[in-house]
Amino acid sequence: MMKKLLLFVFVLPLIAVAQNPVDSVKVWKSGGMISVNFSQVSLTNWVAGGKSSASGTFLVSLFSNYNKDKVSWENTLDLGYGVLKEEDAKVIKSDDKIDFSSKFGYKATEKLFYSSIFNFRSQFTDGYKYPDRDNAISRFLAPGYFTLALGMDYKPNEHFSLFLSPTTGKLTVVTDDDLSDAGAFGVDPGSKSKWELGAFLKTTVKYEVLKNVNMESKFDIFSNYLDQPANMDIHWDLLINMKVNDYLSANLNTNLIYDNDIKFDDGGAKVQFKELFGVGLNVKF
């Protein structure tokens, strides 16, 4: 089944595009944003107290979309990495993200598409529960999440998309031996992967809220038919970009995650939330 889904997601879009190689150049729309944000606090003999610190965040958001006749193919890649350095302390990680998504659609009606989605999520470097720097709690492909979904996509306009799939496969991989042996991220102890079959819903909203203020929201829900379907996995990304001029901008980036397979020290699952706000260099193309 996995091979058939991969064939549908990757091979069929290539065949559809290759049928008109000359015209396809005209119907591709590609672009993206690169943002580098910095912040610094410097204190010398400051009676009120505090610590000097410096931080930086690097964000990349790319897209490449094909749209011709009844065929659409949307691809996005979101990357993020951030570090923080406080006075008399080592550098620690503040952000780490890899998120690739590809959606192929064939128009059924004016606003409905037969669609498939492939999504991959992971991170670049080891994660730690500071101040412990000896025992990693996550690594590249530990975890790695692969999602394949077949369903219908409702797109009334270029600003909104609602994708619903009753047939979705989710593969969680944990390639690190220590994390695998501990049964991290829902895999059985000693196993390197976990396969789930369920339903998947994804909404995407893109709007210019105000002049030079753009908002993009991605909200995912996955319910596993095979184990506790009421305990749904939730992933919500929100990015607000506020343009100052052609090269300077302010960015607000939030991530909310709930995954019942990720257990904390008390043995329970919790809502994870991350917020990043920065001002810095921003280039759109």
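The structure contained in this document is the topic of the report that follows. Each residue is numbered by its place in its chain's sequence as written, counting from 1. This being a predicted model, a pLDDT of at least 70 is required before a residue's local features are given, and a value of 80 or more before pairs of side-chain atoms are given or counted; all residues contribute to the totals for chains, interfaces and linings. Side-chain metrics in this entry use all non-hydrogen atoms of the structure; hydrogen atoms and water are not considered.

1. Section: the overall build of the chain
Moving on, step 1. Within the chain, the regular secondary structure consists of 3 helices and 14 strands.
Moving on, step 2. Relative to the globule expectation of 19 Å for 285 residues, the C-alpha radius of gyration of the chain, 21 Å, shows essentially globular dimensions.
Moving on, step 3. Projected onto the principal axes, the alpha-carbon positions of the chain cover approximately 70 × 50 × 30 Å.
Moving on, step 4. Residues counted as buried form 39% of the 285 residues belonging to the chain. Under the DSSP-based scheme used, a helix requires at least four consecutive residues in state H or I and a strand at least two consecutive residues in state E, with every element numbered from the N terminus. The globule rule is 2.2 Å times the number of residues to the power 0.38, and the radius of gyration it is compared with is taken over C-alpha atoms. Only protein chains enter the area calculation, which uses a 1.4 Å probe; residues under 20% of their type maximum are buried, those over 50% are exposed, and those in between are partly exposed.

2. Thoughts on the environment of Ser 122
Moving on, step 1. Inspection of the secondary structure puts Ser 122 in strand 5 (residues 112-122).
Moving on, step 2. You can call Ser 122 buried: its relative accessible area is 11%.
Moving on, step 3. Separated by 44 residues in sequence, Ser 122 and Asp 78 place their C-alpha atoms 11 Å apart.
Moving on, step 4. Nitrogen and oxygen atoms within 3.5 Å of one another constitute a polar contact, given that in protein one can donate a hydrogen and the other can accept it, and given that sequence-neighbouring residues count only through two side-chain atoms. Polar contacts involving the side chain of Ser 122 include one to the main-chain carbonyl oxygen of Pro 143, which spans 3.1 Å.

3. As for the pairing of strand 10 (residues 193-210)
Two faces belong to every sheet, and in a regular strand the side chains alternate between them.
Moving on, step 1. For strand 9 (residues 160-173) and strand 10, the ladder comprises 12 bridges, and the chain directions are antiparallel. Its bridge partner lying in strand 10, Thr 172 is registered against Lys 194.
Moving on, step 2. Pairing between two strands requires that DSSP report at least two bridges joining them. Both strand 10 and strand 11 (residues 213-224) contribute to a ladder of 12 bridges, which runs antiparallel. Considered in strand 11, the bridge of Val 205 is made with Ser 217.

4. Notes on the side chain of Ser 72
Moving on, step 1. As for its placement among the helices and strands, Ser 72 is situated in strand 3 (residues 71-86).
Moving on, step 2. Its relative accessible area of 4% is what places Ser 72 among the buried residues.
Moving on, step 3. The contact definition used throughout considers only heavy atoms, calling two residues in contact when any of these lie within 4.5 Å. If sequence neighbours within four positions are ignored, Ser 72 has contacts with Tyr 66, Asn 67, Lys 103, Phe 104, Gly 105, Phe 113 and Lys 155.

5. Looking at the environment of Asn 260
Moving on, step 1. With respect to the secondary-structure elements, Asn 260 resides in the loop between strand 13 (248-258) and strand 14 (272-284).
Moving on, step 2. When residues no more than four places from it in sequence are discounted, the contact partners of Asn 260 are Gln 228, Asn 231, Asp 233 and Ala 269.
Moving on, step 3. Within the structure, Asn 260 has its side chain in polar contact with the side chain of Tyr 258 (distance 3.4 Å).

6. What about unusual backbone geometry?
Moving on, step 1. Across the junction of Tyr 130 and Pro 131, the peptide omega takes the value 15°, indicating a cis bond.
Moving on, step 2. The omega angle of the peptide bond from Ala 142 to Pro 143 is 10°, so this bond is cis rather than trans.
Moving on, step 3. The topology assignment puts Pro 143 in the loop between strand 7 (136-138) and strand 8 (144-157).
Moving on, step 4. Of note, the phi angle at Asp 88 is positive, near 60°, even though the residue is not glycine.
Moving on, step 5. Given the relative accessible area of 76%, Asp 88 is considered exposed.

7. Regarding the side chain of Arg 121
Moving on, step 1. Inspection of the secondary structure assignment puts Arg 121 in strand 5.
Moving on, step 2. Looking at Arg 121, the relative accessible area reads 17%, which means it is buried.
Moving on, step 3. Within the structure, Arg 121 has its side chain in polar contact with the side chain of Asp 220 (distance 2.8 Å).
Moving on, step 4. For Arg 121, the contacting residues outside a window of four places in its chain are Ile 98, Asp 99, Pro 143, Gly 144, Tyr 145, Asp 220 and His 235.

8. Overview of the sheet that holds strand 5
Moving on, step 1. Spatially, 1-2-3-4-5-8-9-10-11-12-13-14 is the arrangement adopted by the 12 strands of the closed barrel, whose pairing is antiparallel. Each strand of the sheet is rotated relative to its neighbour by a mean of 20°, with strand direction disregarded.
Moving on, step 2. The pairing of strand 12 (residues 233-243) with strand 13 spans 10 bridges and is antiparallel. Bridging from a neighbouring strand, His 235 pairs with Ile 257 of strand 13. Between N-to-C directions, angles cover 0 to 180 degrees, with each direction set by a line fitted to C-alpha atoms, over the stretch in contact for helices.

9. What to know about the environment of Thr 175
Moving on, step 1. As for its position among the elements, Thr 175 is in the loop between strand 9 and helix 3 (177-181).
Moving on, step 2. The class of Thr 175 is partly exposed, set by a relative accessible area of 41%.
Moving on, step 3. Apart from the residues lying within four places of it in its own chain, the contact partners of Thr 175 are Phe 140, Leu 141, Ala 142 and Lys 192.

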